[in-house]
Amino acid sequence: MSAPERITIDVGAHQGVDVAPELWGLFIEDLNDALDGGLNAERVRNGDFEFSAADRDGWDALTAWHPDVAGQVEFRTDDPIHPNNAHYLRLTGPVAVVNDGWDGIAVTGGQAFRLSFFARAAGEPVRLVVAVDDLASTGVTVRPGGWHRYEATLVAVADGQGRLRVEIPESGTVDLDHVSLRPAGPDGEPLTFRPDLLEALKDLAPSFIRFPGGCLAHGLGLDNVYHWKTTIGPRHERVQLPNLWGYHQSRQIGYVEYFELCQATGATPIPVVAAGVCCQNTPGGPQAIGDDGMNAYIQDVLDLIEFANGSPDTPWGARRAELGHPEPFDLRYLGLGNEDEITDDFRDRYARIEDAVREHHPEICVIGTSGPQFFGRDYEAGWAFARARGTAMVDEHGYRNPRWFHQNVDRYLAYEPGPQVYVGEYAARSNTIRSALAEAAYMIGLERSPGVVRLASYAPLLARVGHAQWTPDLIYFTATEVLPSASYHVQAMFAGERGSRLHPVTLGGVEPEPVTLPKTGSVRLTSRGADVDYADIVLDGVVRQGVRTGPGGEPVELGDIDPAAATLELTATRRAGDEGFVVELGGESYLQVHVGSWQNRSTVVLRGDDGITNDDHGPLHWHGVPTGVPVRVKVRLAGARVRVWVDGELRHDYEQDLRPEHRVLAGATSRTAADGSTEYVIRAVNAHPTARVASIRLAEPLEPAVATVTTLAGAGPDEGRPFAASPVTPVVTTAAADTLDLPPWSFVTAVIRRIP
């Protein structure tokens, strides 16, 4: 093993710049079963019998339930417990129905659960038996007459994972709805949040929590927009909706629970409301609330602020007090819009809402939006709109590969004065060590840009194993396990040790990693969602034989190229399927030209480095690849320049980013210790196979001093994967204050303090 390289970390004197005090926070969206089946402590799935085909094809009111004993089970909607909870079950015994929960219902011996449900008996009283297999059970007598709410306690007699069983005796008839089973807290009351996931969030020490979206906030269609007023009050009265991520949202974790979560974690709330338009990915494009509905919608936004902050003498402050919270929730931020297409309708609706908030609540910081990526048409238009309006802060989103993050550590140092930035969603694609370290380098850059970046949150936050629509994620979990990713540990290391004053850092003995075009490569064709024929193929002036690709097939290679000087032309005809096709060009680094990407609605050029891709140019809206109609494609590579023509239209014309990567990076802040002395917080990333030893030189040396060092290291760059815990966890040691060991592929935080 070669000796570690010696480098220096020179920490300059504090120059009057303070670190953004609320920089690190969380973003929670009901994606990947993050709430129901996740943070929501509820164990019963579809306890309201409100699942339907609108949520997912094949779902209905009995999804997750199964009749288990002969008898009559029927859906009913006449005389429900509430119009918003219209479906219930009528059970005529002898019969039993069984609920699967989310992959089973996990219990621990001695653990108490609170059972509740609404029921009414026909004729004589009926004695129900409710059990989690043979692990816990109780009996409840249901009275005849109208709907009544029943509660009971179940205590588990052993560890296990079972299913909830509700049993009706012979000749008994019972209407059943809103079945709930929650673990009980120390006071015997049912818990709102799953304890182990709540602790994982607390350990991130979030300064703020953003909620409910994301795309969920502005919904697919105006009837799917998230309206806060429909999520408060008794759970059986809340409006449930199809989740745009392809499942059902009960809204048992609604706005009151969101504010309670902020209180439980010590976080500032950042609610996000739609900017008067729905998501642009809605079939038919974005739709705007009509002029006749805008005043009411604006009032709803103002009412949310009053609900959060108003005194109990105000209408919505009184409503908050009725729900058990007489004290205000201290709302200071409001997100307006999410990744919106910057259309005229958007500009008009956004301006009306922001103007109303400015007039009635000037104390609230409104956070605008700049589209779905860190670049592109909506990004540029969103920023121009925000600057013209004087919006206080703009929300930027981006999911990129690790190389991009290493290339963009200084991104915000070049921003012009104006609106500040909330990096509301970011992640390096994949859950590898390589990705986590790229995020750490980027976060050092965010921390040293406090004049621009005020808030940042990784996304998505939570994902249930086997129920995910998106990766990477910060925390994976099962019914019994919490599986933090390497990125989680990076986030915890930043949030756990924060300085208050920023110091300049000079690295000695370190050079950025150059980025060059590959020297050799080839052309490959794939079509994972279609059968495609390719004809009239000309590669660098040479005519090639026609080929075909299909779903599940191996890539078809056309030949070798020089990735810095190549021209490909071909005609593609889709014979079957719903998607388009991909032309891949390059070697270790490569480009992917997607013709008919994302539901066959766009073209986009992706770049792949270290086997991980991200959008390099686009996506650009397009009519899609039709079946049976030839599509002519031309791709020309000339140095870093990339051009793509589709049916004669130049759709992509740009330069690849060849800026160097900052794979070894350090940052420094300081704070005042309890005894009045100065403490330094040094962060260093070594995203490289070579170990380093850094000599630390402080502008104001502390003598004698010691360093408490937290190190995330010990795994290769490509270890770690979705749905599994990080292959390594942070290790805390004590070391000399003037030297810092940086193992290969590591992130280190050192707190240097004077020895008492």
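Each remark here, short or long, concerns the structure printed above.
Residues numbered from 1 in each chain as written. Predicted model: local features only at pLDDT ≥ 70, side-chain atom pairs only at ≥ 80, totals over all residues. Heavy atoms only, no water.

(A) Region of the structure containing the overall build of the chain. The number of helices and strands found in the chain is 12 helices and 48 strands. The C-alpha atoms of the chain give 28 Å as radius of gyration, which agrees with the globular expectation for 756 residues (27 Å, within 12%). Considering only contacts within the chain whose residues lie at least 6 apart along the sequence, 73% involve residues at least 24 apart. As displayed, the chain offers around 28,600 Å² of accessible surface, 50% of which is attributable to carbon and sulfur atoms. For the chain, the centre of its 65 positive side-chain charges and the centre of its 102 negative side-chain charges are spaced 3 Å apart. (Helix = DSSP H or I, 4+ residues; strand = E, 2+ residues; numbered from the N terminus. Rg over C-alpha atoms; globule rule 2.2 N^0.38 Å. Contact = heavy atoms within 4.5 Å. Areas by Shrake-Rupley, 256 points an atom, 1.4 Å probe, with all protein chains shown as cover. Lys, Arg positive; Asp, Glu negative; His and termini not counted. Charge placed at Lys NZ, Arg CZ, Asp CG, Glu CD.)

(B) Looking closely at the pattern of salt bridges. Taken as a whole and judged by the stated rule, the model has 56 salt bridges. As a salt-bridge pair, Arg464 and Asp103 come within 3.4 Å of each other at their nearest N and O atoms. Residue Arg464 is found in strand E24 (residues 462–464), and its partner Asp103 is found in the loop between strand E6 (95–99) and strand E7 (105–107); the two are separated by 361 residues along the sequence. Arg464 gets classed as buried once you look at its relative accessible area, which sits at 4%. Ionic pairing is found between Arg349 and Asp345, a salt bridge with its closest N-O pair at 3.8 Å. Here the residue Arg349 and the residue Asp345 both occupy positions in helix H7 (residues 344–360), the gap between them amounting to 4 residues, near one helical turn. Its relative accessible area of 39% is what places Asp345 among the partly exposed residues. Linked through salt bridges whose partners overlap, the residues forming this network are Arg403, Arg434, Arg607, Asp609, Asp610, Glu661, Arg663 and Asp718. (Salt bridge = Lys/Arg side-chain N within 4 Å of Asp/Glu carboxyl O. Buried < 20%, exposed > 50% of the residue type's maximum accessible area, 1.4 Å probe, protein only.)

(C) Region of the structure containing the pairing of strand E48 (residues 746–754). With 7 of its 9 residues buried, E48 lies for the most part within the structure. Sheet analysis places strand E43 (residues 678–686) next to E48, joined by 7 bridges and oriented antiparallel. Within the sheet, the bridge partner assigned to Asn686 lies in E48 and is Ser746. Judged from the 8 bridges that link them, strand E45 (residues 705–712) and E48 form a sheet pairing that is antiparallel. The residue of E48 that forms the bridge with Ala707 is Ile752. (Pairing = 2+ DSSP bridges.)

(D) Summary view of helix H6 (residues 315–322). Within H6 the residues assigned to the buried category are Trp316, Gly317 and Arg320. Seen end-on, H6 carries its buried residues on one side only, within an arc spanning 105°. Relative to its buried face, H6 has exposed residues pointing more than 90 degrees away, namely Pro315 and Glu322. Buried-residue contacts for H6 involve helix H5 (291–309). (Arc of directions from axis to C-beta.)

(E) Up close: the nonpolar core. If you look at the biggest cluster of nonpolar residues, it comprises 112 residues, and the most contacted ones within it are Tyr412, Val423 and Tyr426. Sequence-distant contacts of Tyr412, defined by excluding residues within four places in its chain, comprise Phe374, Glu396, Val421, Val423, Tyr442, Leu446, Ser449, Val452 and Val453. In terms of nonpolar packing, the next biggest core, distinct from the first, is built from 35 residues, Val44, Val95, Ala119 and Leu128 among them. (Core = buried A, V, L, I, M, F, W, Y, C linked by side-chain atoms within 4.5 Å.)

(F) Here's a closer look at the packing of aromatic side chains. Taken as a whole and judged by the stated rule, the model has 35 aromatic pairs. Summarising the aromatic geometry, the rings of Phe208 and Tyr422 are spaced 5.4 Å apart at their centres and angled 90° between planes, so their arrangement reads as edge-to-face. A residue pair is termed long-range when its members are at least 10 positions apart, and Phe208 in strand E15 (residues 208–211) and Tyr422 in strand E22 (residues 420–428) qualify at 214 residues. Each of the two residues, Phe208 as well as Tyr422, counts as buried. An angle of 55° between the planes, with centres 6.0 Å apart, marks the rings of Tyr426 and Tyr442 as tilted. (Phe/Tyr/Trp six-rings, centres within 6.5 Å; stacked < 30°, edge-to-face > 60°.)

That's the geometry; what it means functionally is another story.
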